[in-house]
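The primary structure of each chain is shown beneath.
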Amino acid sequence: MAGRVIALDVGDVRIGVAVSDPTGAIAQPLEVYRRVGYGPDSRYVKALCDRYETNRVVLGLPLNMDGTLGAQAQKAQDFGRVLQEKMGLNVSYQDERMTTVTAEQVLIGGNVRREDRRLYVDKLAAAVILEQWLASQSRQKEDEPWKKTTI
């Protein structure tokens, strides 16, 4: 399953964006998009996918700490439905619990000033989401013994 994948950390105000390399193995933070509304936001994501020649999008799913779906997770799924139904994109979801905390820790470890962190945290969180999703895809391939060759 090589090819680029776009990952989104969707918030109420901003969307952090990350993209994989062409082999679908490495995630890198890309940008932070300021939200306008479902229509413009979904067209922006579609244009981004066109630019990177992909139709695959991974949305961070902000589950509650007990694993249940809350209001924010419902918003992410609603946006995912718009991307699928109106834009024709292939949408997957990745549990994003603790990704913003992880991104903040990376920025703190890199001595990024507090006031500058907000400029980077969303796109870095999107990269963490994408890294986790890519790793889960690799594990799924390893768990498919019928695809392994034996001598």
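Scoring rules and cut-offs
Here, residues in each chain are numbered from 1, in the same order as that chain's written sequence. Under the rules for a predicted model, residues below a pLDDT of 70 receive no local features and side-chain atom pairs below 80 are neither given nor counted, while totals for whole chains, interfaces and linings still include all residues. Remark: hydrogens and water are excluded; side-chain values derive from all non-hydrogen atoms of the structure. Here a strand is any run of E in DSSP of at least two residues, a helix any run of H or I of at least four, and the numbering for each starts at the N terminus. Working definition: with a 1.4 Å probe on protein chains only, accessible area under 20% of the residue-type maximum means buried, over 50% means exposed, and in between means partly exposed. Here a residue-residue contact requires only that any non-hydrogen atoms of the pair lie within 4.5 Å. All accessible-area figures derive from a Shrake-Rupley calculation using a 1.4 Å probe, and residue coverage is judged against the displayed protein chains alone. Note on definitions: salt bridges are taken to be side-chain nitrogens of Lys or Arg within 4 Å of carboxyl oxygens of Asp or Glu. Two strands make a pair as long as DSSP finds a minimum of two bridges between them. Centres within 6.5 Å make a pair out of two Phe, Tyr or Trp rings, where for Trp the six-membered ring is used; the pair is then stacked when the planes are under 30 degrees apart, edge-to-face when over 60, and tilted otherwise. Should the NZ of a Lys or the CZ of an Arg lie within 6 Å of a ring centre and within 35 degrees of the ring normal, that charge is described as sitting over the ring. Comment: axis = line fitted to C-alpha atoms, over the contacting stretch for helices; angle = value between 0 and 180 degrees taken between N-to-C directions.

Novice: Please clarify how the overall build of the protein chain should be interpreted in this entry.
Specialist: Each helix and strand counted, the protein chain has four helices and five strands in total. What you see in the protein chain, going N to C, is helices and strands ordered as β-β-β-α-β-α-β-α-α. The 151 residues of the protein chain split such that 41% are buried. Restricting to contacts in the protein chain with at least 6 residues of sequence separation, those with at least 24 account for 59%. Surface accessibility of the protein chain: about 8,700 Å² in total, with carbon and sulfur atoms responsible for 51%.

Novice: Explanation requested: the pattern of salt bridges in the structure shown.
Specialist: Oppositely charged side chains can pair when the atoms bearing their charge come close. Going through the model one piece at a time under the given rule, you end up with five salt bridges. Here R81 and D78 are joined by a salt bridge, their closest N and O atoms 2.4 Å apart. Linking R81 with D78, this pair stays in helix α2 (residues 71-85), spanning three residues, or about one helical turn.

Novice: Looking at this structure, I do not really get the pairing of strand β3 (residues 27-34). What am I missing?
Specialist: Two faces, one strand: in a regular strand the side chains alternate between the faces of the sheet. Here strand β2 (residues 14-20) runs beside β3; their pairing, made up of seven bridges, is antiparallel. Paired with S20 across the bridge in β3 is A27. Linking β2 back to β3 in an antiparallel pair, the connection comprises six residues, with G24 at a positive phi of about 70°.

Novice: I tried to follow the packing of aromatic side chains on my own but got confused; where do I start?
Specialist: Aromatic ring pairs: the centre-centre distance and the angle between the two ring planes describe each pair. Under the definition given, this model contains two aromatic pairs. Ring geometry for Y33 against Y44: centres 4.0 Å apart, planes inclined by 15°, an arrangement best described as stacked. Taken together, the residues span a long stretch of sequence, with Y33 in strand β3 and Y44 in helix α1 (residues 38-51) at a distance of 11 residues. Its guanidinium or amino end placed over the ring of F79, R35 lies 5.1 Å from that ring's centre, counting from NZ or CZ.

Novice: Sorry, what's going on with the sheet that holds strand β5 (residues 90-95) here?
Specialist: Pairing between the strands of a sheet is mediated by backbone hydrogen bonds and can be parallel or antiparallel. Pairing is mixed across the open sheet formed by five strands, whose spatial order is β3-β2-β1-β4-β5. Of all the strands in the sheet, just β3 and β5 have a single pairing partner and so form its edges. Between one strand axis and the next, the sheet turns by 25° as a mean value, whatever way the strands run. Contacting β1 (6-10), β2, β3 and β4 (56-61), α1 runs over the sheet at an angle of about 150° to β3. Helix-sheet contacts for α2 involve β1, β2, β4 and β5, and the interaxial angle to β4 is about 165°.

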